Amino acid sequence: MDAPSPTLGTLVRHLLEQLDGDLEGVYAASGLEWRPRYTPVLRVLLRLGPASIKVLAQEIGITHSAASQTVTQMAKQRLVALKPGTDARERIVVLSAKAKRMVPALQRQWAATNAAAAQLDAELSVPLSTVLAEAIAALNQRPFLSRIAAAAAASSGTTKT
């Protein structure tokens, strides 16, 4: 019997593990204590200045929980500090001096990473960046949950959308 084909989720996770794993290795080889998931937070903070976790999540396009987890990891490495916001629940994220000193080296790594991504795109039948943007746009129009429900209803003979 043939091995089952990998599912979409397995393929996406494997791709992300390869990309992020290699990128973390590049950062480490450059002497940078940095994880790829920190980059969107840093970019927003560089653009907007201090921001709440809610604003970070909205700007990056991730959940509040994911933004909060990333910020917590960054705070443990002293890359950001958390200040009280206007109400007791809000926390404002501020870049540390340590993170600011890392920016020039990170920008060099980002330029190299973007060049490597462009090379990867050129090797594919369709640029990965295009496919990913299209997939995100399609899921924003009709979430995967809705698609699964419709597929399940179709296979059971009922109609649900």
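Residue indices begin from 1 for each chain and proceed along its sequence in written order. Owing to the predicted nature of the model, reporting of local features is limited to residues with pLDDT of at least 70; listing and counting of side-chain atom pairs is limited to 80 or more, with chain, interface and lining totals taken over all residues. Excluding hydrogens and water, the side-chain figures rest on all heavy atoms present in the structure.

## A short note on the nonpolar core
Nine residue types can take part in a nonpolar core, namely buried Ala, Val, Leu, Ile, Met, Phe, Trp, Tyr and Cys, and a core is a set of them joined through side-chain atoms within 4.5 Å. Relative accessibility thresholds used throughout: buried, under 20% of the residue-type maximum; exposed, over 50%; partly exposed, between the two (1.4 Å probe, protein chains only). The biggest cluster of nonpolar side chains holds 25 residues, and the ones touching the most others in it are W34, L45, L56 and L106. Under the scheme used here, helices are H or I runs from DSSP no shorter than 4 residues and strands are E runs no shorter than 2 residues, and both carry numbers assigned from the N terminus. At the level of secondary structure, the elements contributing two or more residues to this core comprise α1 (8-29), α2 (39-48), α3 (53-60), α4 (64-76), β3 (91-95) and α5 (97-123). The element contributing the most residues to this core is α5, with 5 residues. We call two residues in contact when some of their heavy atoms are within 4.5 Å. Setting aside residues no more than four positions away along its own chain, L106 makes contact with Y27, L32, W34 and L42.

## What to know about the packing of aromatic side chains
Centre-to-centre distance and the angle between the planes together describe a pair of aromatic rings. Stacked, tilted and edge-to-face are the three classes assigned to paired rings of Phe, Tyr and Trp, where Trp is represented by its six-membered ring and a pair needs centres within 6.5 Å; plane angles under 30 degrees give stacked, over 60 edge-to-face, the rest tilted. Here the structure, examined in full by the defined rule, presents 1 aromatic pair. With a centroid separation of 5.3 Å and 90° between ring planes, the pair formed by W34 and Y38 is classed as edge-to-face. Take W34 and Y38: they sit in the same class, and that class is buried. As a reminder, the over-ring test applies to NZ of lysine and CZ of arginine, requiring each to be within 6 Å of the ring centre and within 35 degrees of the ring normal. Over the ring of W110 we find R43, and its NZ or CZ is 4.1 Å from the ring centre.

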